[in-house]
Amino acid sequence: MNVIQARQLAAVGGPYRLEHIDIEVNHRCNLACRHCSARAAKGKHPDELTVEQTQTILSSAVALGLRKVGLTGGEPLVDVPRLEAIARYCLDKLSVPVHMHTNGTLVAEEHCTGVLSLFESVSVTFLGGDAETHDAMTKTSGSFERSVRGAALCASAGLPLTCYFIPTRGTCPGFGPLAKRLAENGVRRIRAMALAPSGRARPIYEETAPDREELQRFERDLLAVREQLGLHIEAGYCTRLSMPGLSVLAGHDLCMSGINRVHINSKGDVFPCTAASGVKELKLGNVAGDGLNLAGIWEQSEIVRLIRSMHRGELPACRSCTRTPGCQESCTVNACGTMADAERSKCPIFTH
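Residues numbered from 1 in each chain as written. Predicted model: local features only at pLDDT ≥ 70, side-chain atom pairs only at ≥ 80, totals over all residues. Heavy atoms only, no water.

**Observations concerning the state of the cysteines**
Thought 1: Applying the stated criterion across every chain yields a total of 0 disulfides.
Thought 2: The thiol of Cys36 is not disulfide-bonded; the next cysteine sulfur, from Cys33, is found 6.4 Å away. (Disulfide = S-S within 2.5 Å.)

**Examining the pairing of strand β6 (residues 189–192)**
Thought 1: Inspection of the sheet shows strand β5 (residues 161–165) paired to β6 by 3 bridges, in the parallel sense. In the sheet register, Phe165 faces β6, and the bridge partner there is Ala192.
Thought 2: Summarising the sheet, β6 and strand β7 (residues 232–235) pair through 4 bridges and their orientation is parallel. Opposite Arg189, over in β7, you have His232 as the bridge partner. (Pairing = 2+ DSSP bridges. Helix = DSSP H or I, 4+ residues; strand = E, 2+ residues; numbered from the N terminus.)

**Section: the pairing of strand β3 (residues 98–102)**
Thought 1: With 5 of 5 residues buried, β3 is to be regarded as a mostly interior element.
Thought 2: Of the two faces of β3, the one carrying Val98, Met100 and Thr102 and the one carrying His99 and His101 are both buried.
Thought 3: Alignment of strand β2 (residues 68–72) against β3, held across 3 bridges, turns out to be parallel. When the bridges of β3 are listed, Val69 appears paired with Val98.
Thought 4: Considered for its hand, the β-α-β crossover made up of β2, helix α3 (residues 80–93) and β3 is right-handed.
Thought 5: Here β3 pairs with strand β4 (residues 121–126) via 4 bridges, running parallel. Directly across from His99, in β4, lies its bridge partner Ser121. (Buried < 20%, exposed > 50% of the residue type's maximum accessible area, 1.4 Å probe, protein only. Right-handed = clockwise from strand over helix to strand, strands pointing away.)

**Here's the deal with the pattern of salt bridges**
Thought 1: According to the stated counting rule, one finds 13 salt bridges in the structure shown.
Thought 2: Two residues, Glu120 and Lys68, come together in a salt bridge whose shortest N-O distance is 3.9 Å. A residue pair is termed long-range when its members are at least 10 positions apart, and Glu120 in the loop between α4 (109–113) and β4 and Lys68 in strand β2 qualify at 52 residues.
Thought 3: Classification of Lys68 by relative accessible area gives partly exposed; the value is 32%.
Thought 4: With a closest N to O distance of 2.8 Å, Glu281 and Arg202 form a salt bridge. In this pair, Glu281 is assigned in the loop between β10 (269–271) and β11 (285–286) and Arg202 in the loop between β6 and α8 (205–208), connecting sequence segments 79 residues apart.
Thought 5: One salt-bridge network, in which partners are shared between bridges, spans Arg28, Glu48, Asp79 and Arg82. (Salt bridge = Lys/Arg side-chain N within 4 Å of Asp/Glu carboxyl O.)

**Things to note about the packing of aromatic side chains**
The geometry of an aromatic ring pair comes down to the distance between the two centres and the angle between the two planes.
Thought 1: Throughout the structure, instances matching the rule amount to 4 aromatic pairs.
Thought 2: Ring centres of Phe126 and Phe165 lie 6.3 Å apart, and the angle between their planes is 90°; on these two criteria the pair is classed as edge-to-face. With Phe126 in strand β4 and Phe165 in strand β5, the pair connects residues that are 39 residues apart, well separated along the chain.
Thought 3: Its relative accessible area of 0% is what places Phe126 among the buried residues.
Thought 4: Given a relative accessible area of 0%, Phe165 falls into the buried group.
Thought 5: Grouped by ring-pair contacts, the aromatic residues Phe126, Phe144, Phe165, Phe175 and Phe218 constitute a single cluster.
Thought 6: The ring of Tyr16 has Arg308 lying over it, and the distance from NZ or CZ to the ring centre is 3.9 Å. (Phe/Tyr/Trp six-rings, centres within 6.5 Å; stacked < 30°, edge-to-face > 60°. Lys NZ or Arg CZ within 6 Å of the ring centre and 35° of its normal.)

**So, the sheet that holds strand β9 (residues 261–264)**
Thought 1: Reading across from one edge, β8-β7-β6-β5-β4-β3-β2-β1-β9-β10-β11 is the order of the 11 strands in this open sheet, with mixed pairing throughout. The open sheet terminates on both sides in strands that have one partner only, identified here as β8 (247–248) and β11.
Thought 2: Running over the sheet, helix α6 (residues 143–156) touches β4 and β5 and is turned about 160° from β4.
Thought 3: Sheet strands in contact with helix α7 (residues 175–184) are β4, β5 and β6, and its direction is about 165° off that of β5. (Contact = heavy atoms within 4.5 Å. Axes fitted to C-alpha atoms, helices over the stretch in contact; angles between N-to-C directions.)

**Digging into the nonpolar core**
Thought 1: Of all hydrophobic cores here, the largest spans 90 residues; its most connected members are Ile21, Leu116, Phe119, Phe126, Phe165 and Leu294.
Thought 2: Counting residues per element, this core draws most heavily on α6, at 6 residues.
Thought 3: Setting aside residues no more than four positions away along its own chain, Phe165 makes contact with Phe126, Phe175, Leu178, Ala179, Leu182, Ile190, Arg191, Ala192, Met193, Phe218 and Leu222.
Thought 4: Of all hydrophobic cores here, the second largest spans 13 residues; its members include Leu127, Ile166, Leu195 and Tyr205. (Core = buried A, V, L, I, M, F, W, Y, C linked by side-chain atoms within 4.5 Å.)

**Digging into the environment of Gln55**
Thought 1: Note that Gln55 resides in helix α2 (residues 51–61).
Thought 2: Spatially, the C-alpha atoms of Gln55 and Ala85 are 9.0 Å apart, while their sequence positions differ by 30 residues.
Thought 3: Those residues in contact with Gln55 that sit more than four places away from it in its chain are Ala85 and Tyr89.

Read these as spatial facts, not as claims about activity.
Right, dumping it as structure tokens:
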């Protein structure tokens, strides 16, 4: 089922197939990024899902329509045996393809011929176009050069690599030169991602998010590099709201949050999408401690019901809301993360 078919079914009330799960394989990370939606930390979280729990959760999703799994963190390469066990389970036991998100700093040559070769795609994320801006966002000196090296190793090994660019205030001018540097190292695909008011970014969003002029420059620079070097530069639905000139990421023609996907964090909390995973009001349930299995959350969560009703234009509160753009035609995560108190008092997401 493609994204248009899924939304057409959603428009008439379902059925809703859970085709895509992003799941955090751990909470640990070697960086301390200022924007992290997972609020990842150096040490292991006491409530972190076990490998067996993660496998059971993913297995239960097959009956709901599971077709794709993304493994993220934390930083998955902090624990390679754990990452490989979950990836191989998806491939060998569930026959479901997997993709993986890393900050790139821990990538080594043996990973490129080993665990990373299991994935249909691998992403490395950049938070700035140079060491000064990127390392300031990761709070880790030297992280930029290690991420560049990690991306270069993946590209030289022929892995299906995409580099993610997340611009923040003051970092936008550096991404054009970075794209050129990465292209020299064999990178051919870039995905732009708008900063979400989620996780650690939520309380600092107003001071951290780029303004409209910065985003326009960021988009122009990427489009120029695309023409000069023949790179494929894409963006998901929520990012294209502010950068409409970028290519459409496959499966992201429209917002599919809670429509055909969820994000499950390292503690078993379920959210309608990855961007939502740092917005507590959008938590759908917990597969580890609420007495609900994934099917129950997917089918019975009040939050996901409200999100789907909102997308169908059925909520009276949405019709009278003065917020522009409204959630139905924009991003629910952005709206929830930046809503004023007066708006929250009238919003069903907050008052249900």
